[in-house]
Amino acid sequence: MKKTIVKELKARVADLGDLCDVATGTFTLAVSTSDQRHRAEVHFFRGTSFNQAWDQVATLMASTPNTAWARIDVPQAIQKIELSRLQQQLKKLFRMNYWRRGISFDSDFKTALLEMEINGHEFIRPGKGHKIGKTASNSYLDFPAMTKYLTRRNGEQPQDLAESSFVWTFLTAGIFYDGDKIRKLSQDVHGQGIRQLTDLNTELRTTITAGEAFLCRQIKDSGQFIYGYYPARQRILSSYNSVRHFSSLYALLEAINFTGRTADLPKVKSALQWGIKNLVLTKGDAIFVSEPRKDGSIELKLGGQAMLMLALCKYQEVTQDDEYLPIIQQAFAGITSFLKPSGQFNHVLNADLTVKDAFRIIYYEGEITFAMARYYELVPNDQVAQLMQQTLDFMVAHHYGKYHDHWLSYAINEALQIFPANRDYMQMGLENVYNHLTFIEERDTSYPTLLELLDAAIKMTDLIKRTGNDDLLAPYDLGRLHRAWRYRASYELETGSFQPELAMYFYHPSKFVGGFFARHDHFRTRIDDCEHFLSGLINYYSYTNQGVSL
């Protein structure tokens, strides 16, 4: 690495402040480097002065390529605690991978592990009885895995970690160099170790562009997606889901429309073709999205109809190519097979169109209504409008606003273009978000559908004002809604986006840059995770930057 870069890195580290552990008079610097293809190699350097510690860093950096990623962290708030106390703290963690401090098993930091070394290798494992989102993680330290890693990292086997009486936990301040720019890393509780969001719009554009590229890379030559990964476990997910195949294509088309990267459209088309060939069942004049089961049976899901229609409608909108219009019409024809006389839908059918499950998940009504609205935009049709109205009226009568479904909010916004005077739909949309607002404000996971719900809700409140229905907003705090909206947009970037400074601690780091993850599920990165993050962030950026040209 060039001397000028190393000099600049030194100055930026010095600017972090709080470099000296005054209690011991030592300076500790943790350096992580990656060639972007392999997990970061981590080194801890110590000295009795900053320059003494930095000289060791400079020696390492001199042999590091300019194109490498480099992250330098300064341990702070070092605290000695009993190992048994740490183990009790880990047991009480509700979510796996939510331990956010580094750990050293000796006072000299020879066995120190950064927080992301720990989480990137999943050295803190969930207990066998852990059910994600339902029970405490009952987490424990995987001593054999840590010992094996430290032996390889340090070139010698550490002491018996499990027999340690004490450990030293610590926070960090740091910087990251991506081969081009040096970025200061956040020390906020939620964004810890991720670049500071000093320019949200720029970060959103960068993240969306990288996210579109990542999701497009998941489409194989056949047109099928790589369904997802557990990066912390170095596993590729082997399952598949037909609903998510089409919903992910819908989001990818949104992203291509945002980035203007039309060269990716042929890959989208290949994925549409694969889905139509392999995931669609024809029955007379209608088609259905099929979901093969492990027992050899087939399910036909109402949500599958919705996502097929949405993906194909979006493709026609983006490309102005109406090639798939007949298939959209056939998919719409299949909707009536799910419909009950009451106006409610059965959710899942068998291959012979008999009812398998009257109810599967609350989102299906909102999804199918949204899909019908998008179809209506392409081809205005009284039959479509009547079925939409029937479905929305059913949801109003049965208080669907209590379910905080982002698909329902999407559907209401589109429906109000067709039924602009329907105050019942407006009221249901307001209840859909405001009944859930405290949860949205307090939720600790990235939960990307919350931003989607807020995007749709903000858009709807503007529509309500524009049509002279302001009185419906009187019981609600619009400022609170806007604050939550801005907060969740930043929060998603901080807690669910695979930026290089985080990805470098997983296997094949560049593979995951642009992806989005669920930290509490082994950093799961699945196509539908990317779908929801992209849709939420794109709609946030587009709506907040209307009429702005640079």
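In what follows, the structure referred to is the one given above.
Residues numbered from 1 in each chain as written. Predicted model: local features only at pLDDT ≥ 70, side-chain atom pairs only at ≥ 80, totals over all residues. Heavy atoms only, no water.

## What to know about the sheet that holds strand 10 (residues 228-230)
Working step 1: The antiparallel open sheet is built from three strands, whose spatial order is 11-10-17. Only two strands of the sheet have a single neighbouring strand rather than two, namely strand 11 (235-236) and strand 17 (525-526).
Working step 2: Across two bridges, strand 10 lies against strand 17 in antiparallel orientation. Across the sheet, the residue bridging to Tyr229 is Thr525, located in strand 17. (Pairing = 2+ DSSP bridges. Helix = DSSP H or I, 4+ residues; strand = E, 2+ residues; numbered from the N terminus.)

## Describing the packing of aromatic side chains
Working step 1: Under the counting rule described, the total for this entry stands at 32 aromatic pairs.
Working step 2: On the basis of an interplanar angle of 40° and a centroid distance of 5.7 Å, the ring pair of Phe498 and Phe512 is categorised as tilted. Of the two residues, Phe498 sits in the loop between helix 17 (478-496) and helix 18 (500-503) while Phe512 sits in helix 19 (residues 509-512), which places them 14 residues apart along the sequence.
Working step 3: With a relative accessible area of 1%, Phe498 lands in the buried category.
Working step 4: With a relative accessible area of 0%, Phe512 lands in the buried category.
Working step 5: Through a chain of ring-to-ring contacts, three or more aromatic side chains come together here, namely Tyr229, Phe498, Phe506, Tyr507, Phe512, Phe517 and Phe523.
Working step 6: Lys80 extends its terminal NZ or CZ atom over the ring of Phe166, reaching a point 4.5 Å from the ring centre. (Phe/Tyr/Trp six-rings, centres within 6.5 Å; stacked < 30°, edge-to-face > 60°. Buried < 20%, exposed > 50% of the residue type's maximum accessible area, 1.4 Å probe, protein only. Lys NZ or Arg CZ within 6 Å of the ring centre and 35° of its normal.)

## Details of the pattern of salt bridges
Working step 1: Counting across every chain of the model gives 30 salt bridges.
Working step 2: Its salt-bridge partner being Glu212, residue Arg261 comes within 2.4 Å of it at the nearest N-O pair. Here Glu212 lies in helix 6 (residues 200-217) and Arg261 lies in the loop between helix 7 (242-259) and helix 8 (265-279), a separation of 49 residues in the sequence.
Working step 3: Since its relative accessible area comes to 0%, Glu212 is described here as buried.
Working step 4: Taking the shortest distance from any N to any O, the salt bridge between Glu323 and Lys269 comes out at 2.8 Å. One end of the pair, Glu323, is in the loop between helix 9 (302-319) and helix 10 (325-335); the other, Lys269, is in helix 8, and 54 residues separate them in sequence.
Working step 5: Residue class for Lys269 comes out partly exposed when judged on its relative accessible area of 25%. (Salt bridge = Lys/Arg side-chain N within 4 Å of Asp/Glu carboxyl O.)

## Notes on the sheet that holds strand 16 (residues 355-357)
Adjacent strands of a sheet form backbone hydrogen bonds with each other and so pair up, either parallel or antiparallel.
Working step 1: Pairing is antiparallel in the open sheet, where five strands are placed in the order 12-13-14-15-16. With partners counted over all chains shown, the strands left at the sheet margins are strand 12 (280-283) and strand 16, one partner each. Looking at each pair of strands side by side, their axes are set apart by 45° on average, direction ignored.
Working step 2: Examined bridge by bridge, strand 14 (residues 298-301) and strand 15 (residues 348-350) share three bridges and lie antiparallel to one another. Pairing of Lys301 across the sheet is with Val348, part of strand 15.
Working step 3: Helix-sheet contacts for helix 7 involve strand 13 (286-292) and strand 14, and the interaxial angle to strand 13 is about 115°.
Working step 4: On top of the sheet, helix 8 reaches strand 12 and strand 13; it is set at about 55° to strand 12, its chief contact. (Axes fitted to C-alpha atoms, helices over the stretch in contact; angles between N-to-C directions. Contact = heavy atoms within 4.5 Å.)

## A few points about the packing of helix 12 (residues 382-397) against helix 13 (residues 406-418)
Working step 1: For the pair helix 12 and helix 13, interaxial distance at closest approach is 11 Å and the crossing angle is 125°. As judged from the angle between their axes, helix 12 and helix 13 are oblique. Judged by the twist between their axes, the crossing of helix 12 over helix 13 is left-handed. Contacts between helix 12 and helix 13 involve Met388, Leu392 and Met395 on the former and, on the latter, Leu408, Ile412, Ala415 and Ile418.
Working step 2: In terms of residue class, the contact of helix 12 with helix 13 is made up of seven nonpolar, no polar and no charged. (Parallel < 35°, antiparallel > 145°, perpendicular 65-115°, else oblique. Left-handed = near helix turned anticlockwise from the far one by under 90°. Nonpolar A, V, L, I, M, F, W, Y, C, P; charged D, E, K, R; others polar.)

## Brief notes about helix 13
Working step 1: In a regular helix each residue adds 1.5 Å, so 13 residues correspond to 18 Å; helix 13 covers 19 Å between its end C-alpha atoms and thus fits that length.
Working step 2: Counting buried residues in helix 13 gives 11 out of 13 residues, a clear majority hidden from the surface.
Working step 3: Within the sequence span of helix 13, burial applies to His406, Trp407, Leu408, Ser409, Tyr410, Ala411, Ile412, Asn413, Glu414, Ala415 and Leu416.
Working step 4: On its buried face, helix 13 sits against helix 9, helix 11 (363-378), helix 12, helix 14 (423-434), helix 16 (449-466) and helix 20 (527-544). (Expected span 1.5 Å × (residues − 1).)

## Remarks on the environment of Met309
Working step 1: Position of Met309 relative to the elements: it lies in helix 9.
Working step 2: Classification of Met309 by relative accessible area gives buried; the value is 0%.
Working step 3: C-alpha separation for the pair Met309 and Phe123, spaced 186 residues apart in sequence, amounts to 43 Å.

## Digging into the nonpolar core
Working step 1: With 155 residues, the main nonpolar core has Leu86, Phe105, Leu141, Phe246, Leu249 and Leu272 as its most contacted residues.
Working step 2: With 11 residues, the single largest contributor to this core is helix 9.
Working step 3: Listed in part, the 24 residues of the second largest apolar core include Leu29, Phe45, Leu60 and Ile175. (Core = buried A, V, L, I, M, F, W, Y, C linked by side-chain atoms within 4.5 Å.)

## A closer look at unusual backbone geometry
Working step 1: Notably, Ala77 is not glycine yet its phi reads approximately 50°, a positive angle.
Working step 2: Take Ala77: it is sitting in strand 4 (residues 69-82).
Working step 3: Relative accessible area serves as the criterion here: at 46%, Ala77 is assigned to the partly exposed category.
Working step 4: In this structure, Gln234 takes a positive phi of about 55° despite not being glycine.
Working step 5: Tracing the backbone shows Gln234 in the loop between strand 10 and strand 11.

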